[in-house]
Amino acid sequence: MMDYITLFKDWVIALGEKHEVDPLLIGILYLVSKICFFSFLGWVIKTFRARKPILIPLLLASLSFSLPYLYLIIAGRNISVWVYVFIGLMFVYGGFSIWKKITAKPNPA
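Worth saying up front: this structure is predicted, and the values here are computed from it rather than measured.

1. Focus on the packing of aromatic side chains
Under the counting rule described, the total for this entry stands at 6 aromatic pairs. With centroids separated by 5.3 Å and ring planes inclined at 55°, the aromatic side chains of Phe-37 and Phe-65 adopt a geometry described as tilted. Of this pair, Phe-37 sits in helix α2 (residues 23-49) while Phe-65 sits in helix α3 (residues 55-75); the two residues are 28 residues apart in sequence, bridging distant segments of the chain. In terms of burial, Phe-37 and Phe-65 fall into one category: buried. A ring pair is formed by Phe-40 and Trp-43, whose centres lie 6.2 Å apart and whose planes are at 40°; its orientation type is tilted. A residue pair is termed a helical-turn pair when its members lie 3 or 4 positions apart in one helix, as Phe-40 and Trp-43 do in helix α2 at 3 residues. The aromatic ring of Phe-65 is capped on one face by Lys-34, whose charged end is 4.3 Å from the ring centroid.

2. As for the nonpolar core
Counting residues in hydrophobic clusters, the biggest one holds 17 residues, and the most contacted among them are Phe-37, Leu-72, Val-83, Ile-87, Ile-98 and Ile-102. Counting residues per element, the ones that place at least two in this core are α2, α3 and α4 (81-103). Contact partners of Ile-98, with chain neighbours within four places excluded, come to Phe-37, Leu-41 and Leu-58.

3. Let's talk about the packing of α2 against α4
At their nearest, the axes of α2 and α4 sit 9 Å apart, and the two run at 40° to each other. In terms of orientation, α2 and α4 fall into the oblique class. For the crossing formed where α2 meets α4, the hand is right-handed. From α2, Phe-37, Phe-38, Leu-41, Val-44, Ile-45 and Phe-48 reach across to α4, where they touch Ile-98, Lys-101 and Ile-102.

4. Here's the deal with the environment of Asp-10
Looking at the secondary structure, you find Asp-10 in helix α1 (residues 2-18). Of the residues examined, Asp-10 reaches a relative accessible area of 41% and is grouped as partly exposed. For the pair formed by Asp-10 and Ile-74, sequence separation is 64 residues and the distance between their alpha carbons is 24 Å.

5. Notes on the confidence of the model for the chain
Overall, the predicted model of the chain reaches an average pLDDT of 87, with 98% of residues at or above 70. Between the elements of the chain, mean pLDDT differs from a low of 84, seen in α4, to a high of 91, seen in α2.

Analysis parameters
Residues numbered from 1 in each chain as written. Predicted model: local features only at pLDDT ≥ 70, side-chain atom pairs only at ≥ 80, totals over all residues. Heavy atoms only, no water. Phe/Tyr/Trp six-rings, centres within 6.5 Å; stacked < 30°, edge-to-face > 60°. Helix = DSSP H or I, 4+ residues; strand = E, 2+ residues; numbered from the N terminus. Buried < 20%, exposed > 50% of the residue type's maximum accessible area, 1.4 Å probe, protein only. Lys NZ or Arg CZ within 6 Å of the ring centre and 35° of its normal. Core = buried A, V, L, I, M, F, W, Y, C linked by side-chain atoms within 4.5 Å. Contact = heavy atoms within 4.5 Å. Axes fitted to C-alpha atoms, helices over the stretch in contact; angles between N-to-C directions. Parallel < 35°, antiparallel > 145°, perpendicular 65-115°, else oblique. Left-handed = near helix turned anticlockwise from the far one by under 90°. pLDDT = per-residue confidence, 0-100.

Rendered as structure tokens:
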């Protein structure tokens, strides 16, 4: 089992060197951004239900969702086209899921 973990670690490090990104940094950005995303999404829902403006919390939620992908786009080199397509689809799906969560009717239970 340790051989597989070592092979995976070596593969991730080699992939990071090939594309000139730090795998540890992108992993940390991913984890932190998801925690911030859900926090800001809660703020968006709270302000939406209070019928207050949601522009600032929504912008912060979308920024925190896209932070690791923006790092990959800005710092990455020699990245395949399918990765950019995947990132674009993630942005579209993220926007759609935020819209569905905001406009969902609360359960009166």
